[in-house]
Amino acid sequence: MRKFTNLLVTGGAGFIGSNFIRYVLNQTGFSGRIINLDKLTYAGNLENLADVQQAFPERYFLEHGDICDKAFVDRVWSEYKVDAVAHFAAESHVDRSILGPGEFIRTNVEGTFTLLEVARDHWKGREDVLFHHVSTDEVYGSLGKTGYFTEQTPYDPRSPYSASKAASDHLVNAWFHTYHLPVTKSNCSNNYGPFHFPEKLIPLMILKLQKGETLPVYGDGKNVRDWLFVDDHAEAIWTVMTRGRPGETYNVGGENEWENLKLVEVLCQTTALALGKDKDAFLPLIRFVPDRPGHDRRYAIDCSKIKKELGWKPRTEFAQGLEKTVAWYLAHSEWVKNVVSGAYKTWMDRNYASR
Ligand code: NAD
Ligand code: TDX
């Protein structure tokens, strides 16, 4: 089992990064330090880690800055003697990448390049270090009604977001083969759970339900996503980081495919019950709206490699995970109000005010 002392987490103030930090510090026996390097964009919120900051003041550190800023990353690396990286920092929302791809290329491609170069500088010849890259199943493109993405599926990204993640994946693989940088990589399906930014399908729908607003389902609602509870993803990443083979990619998924419309219907029912309403009270709020351009039809992950090789499997049953998530959002209205009121609101006003 691989051991680290100073773990750099990029993008640790976002959805998955903050859940990962909480998981590592509370549930893995890790006894070292975590340094969270985050630019705190609209998607990064320190409130996501308030409990961690309080519980681990001598083992959790925030470094506010940009992964594209080489001098800054280099200083952080030296100061904390970084010996492992979990690289989450990215622009992550497909719809935003369609409206403005520039930041996606900068952060996801140039930012990953910058981190790899600093790692190469600092870790020359070392084998007791690891750069783990957190990626997505979207790099594999779109499936028809059947089949699954395996680690051998050729890359076929179709949105600016997935193209930028594909580019970053290729860089990570190249730094392994060319410079022998110890890397691992995971490509995961759609996550859900607490601290998910409410621009993404599940939290967006819960918030709209709370306000009694209509629920925008893109296209015919038959696009399929494979959903995984965020804690299960955190466990998968830690499993790969501590026991995965260098240079390998592991696909991670929930074995839990849902058509969007069906999922929204279940969310309506789960939220109605949580609010003490009739189970079907919210169904009339569903509206079909124009489709996302280039909308990938179906994602489905074959995660047999990580299951067989490393013994990981998705643990959270979907109905329970959704109930937990709905309950979390209903109990955290203050968090929601705060995260949607800053840079996010300005961007929404600019891009959607006239629609
Ligand atoms: P998120 O948008 O919630 O968080 C991204 C974080 O990165 C934020 O804290 C933000 O402030 C930070 N960040 C953005 N640009 C930065 C920069 N230039 N320098 C430093 N920090 C920066 O994203 P998420 O949903 O938590 O996704 C995390 C990672 O997991 C991403 O790499 C994403 O591609 C990948 N992923 C996400 C999912 C999913 O369902 N959300 C699934 C598979 C893979
Ligand atoms: O309002 C909506 N209506 C709707 O029908 C929104 C926001 C989404 N959708 C559809 C589009 C997708 O088919 O729901 C599905 C899920 O959409 P998102 O939550 O935007 O996720 P997706 O585009 O699948 O990408 C997510 O999973 C993979 C993450 O945002 C990525 O970062 C991750 O890599």
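Our structure's up above, just so we're on the same page.
Before going into details, it helps to say that this report is about the structure given with it. (Residues numbered from 1 in each chain as written. Chains lettered and ligands numbered in written order. Predicted model: local features only at pLDDT ≥ 70, side-chain atom pairs only at ≥ 80, totals over all residues. Heavy atoms only, no water.)

### Some words on the overall build of the protein
Step number 1: The helix and strand inventory of the protein stands at 13 helices and twelve strands.
Step number 2: By the compact-globule yardstick of 20 Å for 355 residues, the protein fits well, its C-alpha radius of gyration being 20 Å.
Step number 3: Structurally, the protein occupies a C-alpha span of about 60 × 45 × 40 Å along its principal axes.
Step number 4: Looking at the protein as a whole, 55% of its 355 residues are labelled buried.
Step number 5: For the protein, the computed accessible surface area is about 15,100 Å², with 52% contributed by carbon and sulfur atoms.
Step number 6: Between the centroid of the 42 positive side chains of the protein and the centroid of its 45 negative side chains there is a distance of 1 Å. (Helix = DSSP H or I, 4+ residues; strand = E, 2+ residues; numbered from the N terminus. Rg over C-alpha atoms; globule rule 2.2 N^0.38 Å. Buried < 20%, exposed > 50% of the residue type's maximum accessible area, 1.4 Å probe, protein only. Areas by Shrake-Rupley, 256 points an atom, 1.4 Å probe, with all protein chains shown as cover. Lys, Arg positive; Asp, Glu negative; His and termini not counted. Charge placed at Lys NZ, Arg CZ, Asp CG, Glu CD.)

### Here we look at the site of ligand 2
Step number 1: In the vicinity of ligand 2 there are 18 residues, among which Thr136, Glu138, Tyr161, Arg292 and His295 approach most closely.
Step number 2: Between serine 92 and ligand 2, the recorded distance is 2.8 Å, taken from a backbone N or O atom to an oxygen atom.
Step number 3: A distance of 2.6 Å separates an oxygen atom of ligand 2 from a polar side-chain atom of arginine 292.
Step number 4: Secondary-structure elements contributing two or more residues to the shell around ligand 2 are helix H7 (201-211) and strand S8 (215-218).
Step number 5: For the shell around ligand 2, the element with the most residues is S8, which contributes three residues. (Near = heavy atom within 4 Å. Polar contact = N/O pair within 3.5 Å; in protein donor to acceptor, adjacent residues only side chain to side chain.)

### Some details on the site of ligand 1
Step number 1: Around ligand 1 there are 28 residues in total, and Ile16, Asp38, Ser92, Tyr161 and Lys165 lie nearest to it.
Step number 2: Isoleucine 67 places a main-chain nitrogen or oxygen 3.0 Å from a nitrogen atom of ligand 1.
Step number 3: The separation between an oxygen atom of ligand 1 and a polar side-chain atom of tyrosine 161 is 2.6 Å.
Step number 4: Secondary structure elements with two or more residues in the shell around ligand 1: helix H1 (15-27), strand S5 (130-136), helix H6 (160-179) and strand S7 (190-192).
Step number 5: Among the elements that make up the shell around ligand 1, the one with the highest residue count is S5 (three residues).

### Considerations on the environment of glutamine 210
Step number 1: Within the secondary structure, glutamine 210 sits in helix H7.
Step number 2: Remark: the alpha-carbon pair of glutamine 210 and alanine 43, spanning 167 residues in sequence, is separated by 21 Å.
Step number 3: With residues near it in sequence (within four places) discarded, glutamine 210 still touches Tyr329, Leu330 and Ser333. (Contact = heavy atoms within 4.5 Å.)

### Comments concerning the pattern of salt bridges
Step number 1: Under the definition given, this model contains 25 salt bridges.
Step number 2: Between arginine 75 and glutamate 79 there is a salt bridge whose closest N-O contact spans 2.9 Å. Here the residue arginine 75 and the residue glutamate 79 both occupy positions in helix H3 (residues 70-80), the gap between them amounting to four residues, near one helical turn.
Step number 3: Ionic contacts of the salt-bridge type, sharing partners, join the residues Lys39, Asp66, Glu103 and Arg106 into one network. (Salt bridge = Lys/Arg side-chain N within 4 Å of Asp/Glu carboxyl O.)

### Details of the sheet that holds strand S6 (residues 183-188)
Step number 1: As summarised here, the arrangement of the seven strands in space is S3-S2-S1-S4-S5-S6-S10, forming an open sheet in which the pairing is parallel. Single-partner strands in this sheet number two, and they are strand S3 (60-64) and strand S10 (249-252). Averaged over all pairs of adjacent strands, the angle between their axes in this sheet comes to 20 degrees, without regard to strand direction.
Step number 2: Both strand S1 (residues 6-10) and strand S4 (residues 84-87) contribute to a ladder of four bridges, which runs parallel. Each residue of the ladder has a partner; that of leucine 7, found in S4, is alanine 84.
Step number 3: Across the sheet, helix H5 (residues 102-122) touches S1, S4 and S5, and the angle it forms with S5 is around 165 degrees.
Step number 4: On top of the sheet, helix H8 (residues 230-243) reaches S1, S4, S5, S6 and S10; it is set at about 145 degrees to S5, its chief contact. (Pairing = 2+ DSSP bridges. Axes fitted to C-alpha atoms, helices over the stretch in contact; angles between N-to-C directions.)

### With respect to the packing of H7 against helix H11 (residues 318-331)
Step number 1: Following both chains from N to C, one finds H7 and H11 inclined at 55 degrees, their axes separated by 10 Å at the closest point. Here H11 runs oblique to H7, going by the angle between their axes. For H7 against H11, the interelement crossing comes out right-handed. Counted together, Ile202, Pro203, Ile206, Leu207 and Gln210 of H7 and Leu322, Thr325, Val326, Tyr329 and Leu330 of H11 form the full contact between these two elements. (Parallel < 35°, antiparallel > 145°, perpendicular 65-115°, else oblique. Left-handed = near helix turned anticlockwise from the far one by under 90°.)

### A few points about the environment of aspartate 66
Step number 1: With respect to the helices and strands, the residue aspartate 66 is situated in the loop between S3 and H3.
Step number 2: Put simply, aspartate 66 and threonine 41 are 25 residues apart on the chain and 9.6 Å apart in space, counted from C-alpha to C-alpha.
Step number 3: Every residue in contact with aspartate 66, bar those within four places of it in the chain, is listed here: Leu37, Lys39, Phe72, Val73 and Arg106.
Step number 4: In this structure the side chain of aspartate 66 is engaged in a polar contact, spanning 2.8 Å, whose partner is the backbone nitrogen of cysteine 68.

### So, the environment of valine 82
Step number 1: Tracing the backbone shows valine 82 in the loop between H3 and S4.
Step number 2: Classification of valine 82 by relative accessible area gives buried; the value is 2%.
Step number 3: On a C-alpha basis, the gap between valine 82 and valine 129 in space is 8.6 Å, while along the polypeptide they are 47 residues apart.

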